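Read off the chains here:
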Amino acid sequence: MSSQILTAQTEAGRAAIAQVMARSYSAEIDSVPPSWARALVVDGEPVSFILVDPERRMEYPGGDLPYAFINDVATRADRRREGHFRTTMAHTFDALRAAGLPLVLTHGRYPLYRRFGFDVFTHHCGIFVAPGQIETAAPGTIAPAAAVQLLVTEENSAIHDDLLLVVEARATSLAASKAVLQAAAALARQKGKARILFEHPPAPSYGSRYPLHATLETPLTALARTYGAQVCVQGADPEGSPIPDADWIKVLNAAALLEATARPPAQPLPTAAVSFDTDAGQTTIASQDGAVSVSAGIAPGAVPLAWPASALAQLVTGYRSCTMLSTLYDTPLPAEAVALLEGLYPARWRLSRNESWTFKS
């Protein structure tokens, strides 16, 4: 059996991708650079395709963190269960590593992507409130026409019929938050919606920059809670809640990831070294005299951590603290290792949409 990868840089490659799409599903080939729109051809027959955007940036302290995003990937329906999907992904991971990218992200269902070493790295945050709760707590009216200046809503046929979805609330003070809540109640009444969901702080669509939040508590959250709103925060782990899809992250090169993110914080770091033995390679991070260094391999004397690369991704992106990860993986950490990792990688909030809150089944 012979196989090759064709790209949309050639007419043959575009035709191969189109053939696979005709027997799987259609996607926009031109949404990514031509060299990253690819088809796997086995014995002369196109069997799967993948579209990758290699030019994404994630918000990160001290400078953006580059990553690639898999927009679409599929195998034609009549050639599934033959290993072509896995081959396509493996080719893609190798190409991204060669391009120097430390991370790849995607969006989809966990039974599939967990098998390829991906894991979640975002939380969901939403404020649920009924129009009547707002009207009772904050009497007064705002015309629907004025309301659109205070908030941004999203509407499409897939959203729960009784839900007003607010994707952006323009409020940085308690007074502005009161006006936003009143505006949402007015719009909900006008549109016949029984419930309001504020995706707040905003939950960007998948593949976005994933802004960082030091806290999820804002003036709007605090005021809405006093009005009787339910503020829901949960991790994106789909096994524990009815989340059909999630945003996923995979480390391609552990050393490259630490080199891209090991930026000394303002506070002093202890003299310490920690080595990671992961499925994305071995690497050591160390601090001494205010300087931070990253090296390949396991350094003598460093605290050894045999964590999967997905745990390293969760640490670096702020999804889980080093102390939480040490508990989950039963690897006690000495105080100096905790101080080093917490100083470099404090827990932070990155948000994505909870599709079960938003969309019909």
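Residues numbered from 1 in each chain as written. Predicted model: local features only at pLDDT ≥ 70, side-chain atom pairs only at ≥ 80, totals over all residues. Heavy atoms only, no water.

Student: Help me out: how do you make sense of the pattern of salt bridges in this one?
Tutor: Pairs may arise between side chains of opposite charge once their charged atoms sit close together. Enumeration over the complete set of coordinates arrives at 21 salt bridges. Note that aspartate 78 and arginine 76 form a salt bridge whose closest N and O atoms lie 2.8 Å from each other. When its relative accessible area of 43% is taken as the criterion, aspartate 78 is described as partly exposed. Since its relative accessible area comes to 3%, arginine 76 is described here as buried. A salt bridge links glutamate 199 to arginine 353; its shortest N-O distance comes to 2.8 Å. Highlighted residues: glutamate 199 in the loop between β10 (195–198) and α7 (219–226) and arginine 353 in the loop between α11 (335–344) and α12 (355–358), separated in sequence by 154 residues. Like glutamate 199, the residue arginine 353 is buried in the burial classification. Each of Arg23, Glu45, Arg76, Asp78, Arg79 and Glu82 takes part in salt bridges that share partners, so that together they form one network. (Salt bridge = Lys/Arg side-chain N within 4 Å of Asp/Glu carboxyl O. Buried < 20%, exposed > 50% of the residue type's maximum accessible area, 1.4 Å probe, protein only. Helix = DSSP H or I, 4+ residues; strand = E, 2+ residues; numbered from the N terminus.)

Student: What is the right way to read the sheet that holds strand β11 (residues 230–235) from this model?
Tutor: Sheet strands pair via backbone hydrogen bonds, and the direction of the pair is either parallel or antiparallel. Reading across the sheet, the 5 strands line up as β8-β9-β10-β7-β11 and stay open at both edges, with mixed pairing between neighbours. The sheet is open, and its two borders are formed by β8 (151–154) and β11, each paired with just one other strand. Taking each pair of neighbouring strands and ignoring which way they run, the sheet shows an average axis angle of 30°. In this structure, strand β7 (residues 123–129) lies alongside β10, joined through 3 bridges in antiparallel fashion. The partner of valine 129 across the bridge, within β10, is isoleucine 196. Contacts from helix α6 (residues 174–191) reach β8, β9 (163–169) and β10, with the element oriented near 135° to β10. This element, α7, spans β7, β9, β10 and β11 of the sheet and lies at about 45° to β7. (Pairing = 2+ DSSP bridges. Axes fitted to C-alpha atoms, helices over the stretch in contact; angles between N-to-C directions. Contact = heavy atoms within 4.5 Å.)

Student: Help me understand a nonpolar patch on the surface in this model?
Tutor: A surface patch of nonpolar side chains, about 270 Å² in accessible area, is lined by Met324, Leu328 and Tyr329. Within the element layout of this structure, leucine 328 appears in helix α10 (residues 322–328). (Patch = residues over 30% accessible without salt bridge, like charges linked within 9 Å, V, L, I, M, F, W, Y side chains within 5 Å. Areas by Shrake-Rupley, 256 points an atom, 1.4 Å probe, with all protein chains shown as cover.)

Student: What am I meant to see in helix α1 (residues 11–22) here?
Tutor: It helps to recall that an α-helix has 3.6 residues per turn; residues three or four apart then point in one direction. Over its 12 residues, α1 runs 16 Å from end to end, which matches the ideal 16 Å to within 8%, given 1.5 Å per residue. When α1 is considered as a whole, its buried residues turn out to be Gly13, Ala16, Ile17, Val20 and Met21. Here the buried residues of α1 occupy an arc of 135° about the axis, which is enough to place them on one side. Exposed side of α1, more than 90 degrees from the buried face: Glu11 and Ala22 are the residues found there. Buried residues in α1 make contact with β1 (3–7), β2 (37–42), β3 (45–58) and β4 (65–75). (Expected span 1.5 Å × (residues − 1). Arc of directions from axis to C-beta.)

Student: Please clarify how the nonpolar core should be interpreted in this entry.
Tutor: The nonpolar side chains of a soluble globular protein tend to be buried, and buried together. Met89 and Phe276 are the most contacted members of the largest nonpolar core, which totals 61 residues. Once you skip the residues sitting within four places of it in the chain, phenylalanine 276 turns out to touch Leu258, Gly281, Gln282, Thr283, Ile285, Ile298, Leu305, Trp307, Leu312, Leu315 and Leu341. Formed by 26 residues, the second largest nonpolar core is a distinct cluster that contains Ala169, Ala184, Ala188 and Leu223. (Core = buried A, V, L, I, M, F, W, Y, C linked by side-chain atoms within 4.5 Å.)

Student: Just to check I follow, could you spell out the side chain of histidine 200 for this structure?
Tutor: Tracing the backbone through its elements, the reader meets histidine 200 in the loop between β10 and α7. A residue is classified by how much of its surface remains accessible, and histidine 200, at 8% relative accessible area, is buried. For histidine 200, the side chain forms a polar contact with the side chain of threonine 218, separated by 2.7 Å. When neighbours within four sequence positions are excluded, histidine 200 is seen to be in contact with Cys125, Gly126, Ile127, Ala169, Thr218, Leu220 and Thr221. (Polar contact = N/O pair within 3.5 Å; in protein donor to acceptor, adjacent residues only side chain to side chain.)

Student: Explain the packing of α6 against α7 here, please?
Tutor: When two helices pack together, their arrangement is given by the angle between the helix axes and by the axis-to-axis distance. At a minimum axis distance of 9 Å, the contact between α6 and α7 shows a crossing angle of 60°. On the basis of their axis angle, the class for α6 and α7 is oblique. The handedness of the crossing between α6 and α7 is right-handed. Contacts from Leu174, Ser177, Lys178, Val180 and Leu181 of α6 reach α7 at Pro219, Leu220, Leu223 and Ala224. Split into classes, the residues belonging to the contact of α6 with α7 amount to 7 nonpolar, 1 polar and 1 charged. (Parallel < 35°, antiparallel > 145°, perpendicular 65-115°, else oblique. Left-handed = near helix turned anticlockwise from the far one by under 90°. Nonpolar A, V, L, I, M, F, W, Y, C, P; charged D, E, K, R; others polar.)

Student: I keep staring at the sheet that holds strand β12 (residues 246–251) and nothing clicks. Help me out?
Tutor: With mixed pairing, 7 strands are arranged side by side in an open sheet as β1-β2-β3-β4-β5-β12-β6. Here the strands that pair on one side only, and so sit at the sheet edges, are β1 and β6 (119–120). In the sheet, β1 pairs with β2 via 5 bridges, with the strands oriented antiparallel. If you follow serine 3 over to β2, its bridge partner there is valine 42. Each of β1, β2, β3 and β4 touches α1; the most contacted strand, β3, lies at about 105° to it. The strands that helix α2 (residues 84–98) touches are β1, β2, β3, β4, β5 (103–108) and β12; relative to β3, the one it contacts most, it runs at about 35°.

Student: How should the pairing of strand β14 (residues 281–288) be read in this particular structure?
Tutor: Within a regular strand, side chains alternate between the sheet's two faces. As paired strands, strand β13 (residues 272–278) and β14 are joined by 7 bridges and run antiparallel to one another. Looking at β14, one finds that threonine 278 is bridged to glycine 281. If you look at the hairpin formed by β13 and β14, you'll find 2 residues sitting between the two strands. Pairing between β14 and strand β15 (residues 291–296): 6 bridges, direction antiparallel. If you follow isoleucine 285 over to β15, its bridge partner there is valine 294.

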